[in-house]
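Analysis of the macromolecular model
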Amino acid sequence: MIGLISATAAGAAARDRLAAAWPERTRVYEGPVADAVRAAFAECERLVCFLATGAVVRLVAPLLDDKRTDPGVVCVDEGGRFAVSLVGGHGGGANELARAVGEVLGAEPVVTTATDAVGLAGLDTLGLPAEGDVAGVSRALLDGEPVALRAAVAWPLPPLPVAADEAEVAYTIRVTDRAVEPAEREVVLRPPSLVVGVGASRGAPVDEVLGLVEAALREAGLSAASVAELATVDAKAGEPGIVGAAERLGVPLVTYPAGELAGVEVPNPSDAPLAAVGTPSVAEAAALVRGGELLVPKRKSAAVPAMATCAVVRRPGRGRLAVVGLGPGARDLMTPRARAELRRASVLVGLDQYVDQIRDLLRPGTRVLESGLGAEEERARTAVEEARRGHAVALIGSGDAGVYAMASPALAEASDHIDVVGVPGVTAALAAGAILGAPLGHDHVSISLSDLHTPWEVIERRVRAAAQADLVVTFYNPRSRGRDWQLPKALAILAEHREPTTPVGVVRNASRADESSRLSTLAALDPATVDMMTVVTVGNTATREIAGRMVTPRGYRWQEDPATRRSPAPSSRTSASGTAESEKPEENL
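Let me sum up the structure you'll find in this document. Everything numeric here is computed off the predicted structure, so don't read it as measured data.

Glancing now at the nonpolar core. Formed by 22 residues in total, the largest nonpolar core has its most connected members in Val196, Val198, Leu217, Val227, Leu230, Cys310 and Val312. Only β11 (194–200), α7 (206–219), β12 (227–233), α8 (240–249) and β15 (308–314) provide two or more residues apiece to this core. In terms of residue count, α7 provides more of this core than any other element does, six residues in total.

Okay, the side chain of Ser193 next. Structurally, Ser193 can be placed in the loop between β10 (186–189) and β11. Owing to a relative accessible area of 1%, Ser193 belongs among the buried residues under this scheme. Within the local environment of Ser193, its side chain forms a polar contact with the side chain of Asp177, the two groups lying 2.7 Å apart. With residues up to four places along the chain from it excluded, the contact list for Ser193 reads Val153, Trp155, Asp177, Ser226, Val313, Arg314 and Arg315.

This part takes up the environment of Glu247. Among the secondary structure elements, Glu247 is positioned in helix α8. Residue Glu247 is classed as exposed on the basis of its relative accessible area of 61%.

Okay, the environment of Ser201 next. Among the secondary structure elements, Ser201 is positioned in the loop between β11 and α7. When the C-alpha positions of Ser201 and Gly91 are compared, they lie 40 Å apart, and in sequence the two are 110 residues distant. Other than its neighbours up to four places away in sequence, Ser201 contacts Lys236, Glu239, Ala306 and Met307.

Within the open sheet, the three strands sit side by side as β21-β28-β27. Their pairing is mixed. Looking at the sheet topology across the chains shown, the edges are occupied by β21 (437–438) and β27 (544–546). Judged from the three bridges that link them, β27 and strand β28 (residues 549–551) form a sheet pairing that is antiparallel. Its bridge partner being in β28, Ile546 is matched across the sheet by Arg549.

Inspection of every chain in the model, using the stated rule, returns 27 salt bridges. With a shortest N-O distance of 3.7 Å, Glu30 and Arg15 are connected by a salt bridge. Separated by 15 residues along the polypeptide, Glu30 in the loop between β2 (26–28) and α2 (33–43) and Arg15 in helix α1 (residues 9–21) bring together distant segments of the chain. A relative accessible area of 7% places Arg15 in the buried class.

With respect to the helices and strands, the residue Ala61 is situated in the loop between α3 (53–60) and β4 (72–76). When the C-alpha atoms of Ala61 and Ala542 are compared, they prove to be 68 Å apart, with 481 residues separating the residues in sequence.

Time to look at unusual backbone geometry. Across the junction of Val304 and Pro305, the peptide omega takes the value -5°, indicating a cis bond. Structurally, the position occupied by Pro305 is in the loop between β14 (293–300) and β15. In this structure, Arg185 is a non-glycine residue whose phi angle is positive, near 60°. Judged by its relative accessible area of 38%, Arg185 falls in the partly exposed class. The phi angle at Asn509 is positive, at roughly 50°, despite the residue not being glycine. Topologically, Asn509 is positioned in the loop between β24 (503–508) and β25 (516–521). The exposure class assigned to Asn509 is buried, which follows from its relative accessible area of 7%.

Where α7 meets α8, the axes come as close as 8 Å, and the angle between the chain directions of the two elements is 55°. Judged by the inter-axis angle, α7 sits oblique to α8. Note on packing geometry: the crossing formed by α7 with α8 is right-handed. Residues Val206, Asp207, Val209, Leu210 and Val213 of α7 pack against Gly241, Ile242, Gly244, Ala245, Arg248 and Leu249 of α8.

Once that is clear, we can look at the packing of aromatic side chains. Counted according to the given criterion, the structure contains two aromatic pairs. Relative to Tyr476, the ring of Tyr404 has its centre 4.7 Å away and its plane inclined at 50°; by these criteria the two rings are tilted. Of this pair, Tyr404 sits in the loop between β19 (392–397) and α15 (407–413) while Tyr476 is found in strand β23 (residues 472–476), placing the two residues 72 residues apart along the sequence. Taking 5.1 Å as the distance between ring centres and 70° as the angle between the ring planes, the aromatic pair formed by Trp456 and Trp485 counts as edge-to-face.

This brings us to the packing of helix α17 (residues 456–468) against helix α18 (residues 486–495). When two helices pack together, their arrangement is given by the angle between the helix axes and the distance between those axes. For the pair α17 and α18, the least separation of the axes is 9 Å and the interaxial angle reads 30°. Classified by the angle between their axes, α17 and α18 sit roughly parallel to one another. Considering the relative orientation of α17 and α18, their crossing is right-handed. Contacts between α17 and α18 pair Trp456, Glu460, Val463, Arg464 and Ala467 from the former with Gln486, Lys489, Ala490, Ile493 and Leu494 from the latter. Among the residues making up the contact of α17 with α18, the classes are represented as six nonpolar, one polar and three charged.

Cut-offs applied
Residues numbered from 1 in each chain as written. Predicted model: local features only at pLDDT ≥ 70, side-chain atom pairs only at ≥ 80, totals over all residues. Heavy atoms only, no water. Core = buried A, V, L, I, M, F, W, Y, C linked by side-chain atoms within 4.5 Å. Buried < 20%, exposed > 50% of the residue type's maximum accessible area, 1.4 Å probe, protein only. Helix = DSSP H or I, 4+ residues; strand = E, 2+ residues; numbered from the N terminus. Polar contact = N/O pair within 3.5 Å; in protein donor to acceptor, adjacent residues only side chain to side chain. Contact = heavy atoms within 4.5 Å. Pairing = 2+ DSSP bridges. Salt bridge = Lys/Arg side-chain N within 4 Å of Asp/Glu carboxyl O. Axes fitted to C-alpha atoms, helices over the stretch in contact; angles between N-to-C directions. Parallel < 35°, antiparallel > 145°, perpendicular 65-115°, else oblique. Left-handed = near helix turned anticlockwise from the far one by under 90°. Phe/Tyr/Trp six-rings, centres within 6.5 Å; stacked < 30°, edge-to-face > 60°. Nonpolar A, V, L, I, M, F, W, Y, C, P; charged D, E, K, R; others polar.

Written as structure tokens, this is what we have:
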């Protein structure tokens, strides 16, 4: 819960805007400000104080105890201009909250945490338990001192500027699920790589189940902080001893059908669970059902009779591939999600000219794999292979990565061993359409005229179909020095079905500094003025030029009467249930 505190009418107005935006996440504290801050500090995970910074400092100073447990505090000035992350930037979530508050209120987030200020990923913000000299290693990263990354378990971490040569490295980041103590000048990150399969007889005490799990981990030299989940059979989903053990370990309990577990090959099957719940293995099968390395085979609790079993499996870290659309070129048309994925990726793969566009957005330590034109399949394979190695990868493309771009070759290479995330972007057709007016106001289609990957016979058939269906057509890759006849041929096909005066919009480098656009007609357009940086949009039989803009009507009946250009009163019709309804214009769903 986020506590909201204000002292003046101006502060209350901003406070109420935030409360209205986040009704389920916020609680307004009224009354004397000092009392409100004390109450919110004790009851909430985070606070937003609409007060002067000095006032908030004096109010929260006596309440501070431990940065790992104190709530994060954000201070917003009464003019709503700035959202300052004051206390608990990382551990309390104040940095993230300041940015979120800024988005709602239109305020500038102010984050002064050292790692955030220089674009580094904070070691305590990676979502993994961090032990050891977090402050010292973070300072070494900030100072540019060599830091080694030693990963016993591959995990998709964000970029870290670690040393390539470990010969004279004084600081270390170790990624391991082993129960090791951090050395001097070392941070140990605990990835959630361990799955503990458990089985239990009815009524097994929680202490017996928990004691067995903890003993198995301890004797195998494994860290309980790396346990991702407890797993068992569906029939035991409500067994109090198993449920209680998961709660006390602070991990979810995942269950599987007996039939699915029965199909898992295990080293120690047994007739007892087969008779009881329908599978010859519960603990080992539940731990192994999603793959991994069996570290601790089935073992029983020490009680007599033993009422619990467990097994431990290490699952490999799943690499992550984000296929990111950068938009048409303008920085303000790149989505916030795309920016976030660029900063999250430790490996970036892309066309060299696209990498140059966003290089300044990358975090220090990002490994960049760039190549030139014509290497799309190679880039896709490279990105997928890096993700299979356990890295967090961003594969970039212009516009939307799923439209004539990198998503399809990448997904054709990808397997279910990696996580794939698609990040949409503003396409060239949409960017050009916005510049031209509203040419895509009704049904439309995009067609690439490049026959490098598609036979011309197929392209021509698609153009003819679009012409016959009276669709607005946007041509991608319309003309290059080596392909100068395809665009004239496509325009001639459309001309068989449309008037010579049909509007045609031509936009080059949409949204970029050297953007240019013009309106022409199907008869007047000179294909020689078009190149590969151009998008050509040909209207349908209803498209018109209105006040210098290209407009395709939505197709409402009232637009058939150009004299009125008005919508009549809604007419009544009878629904299937016999009640009268009003006809309403179709909305863009």
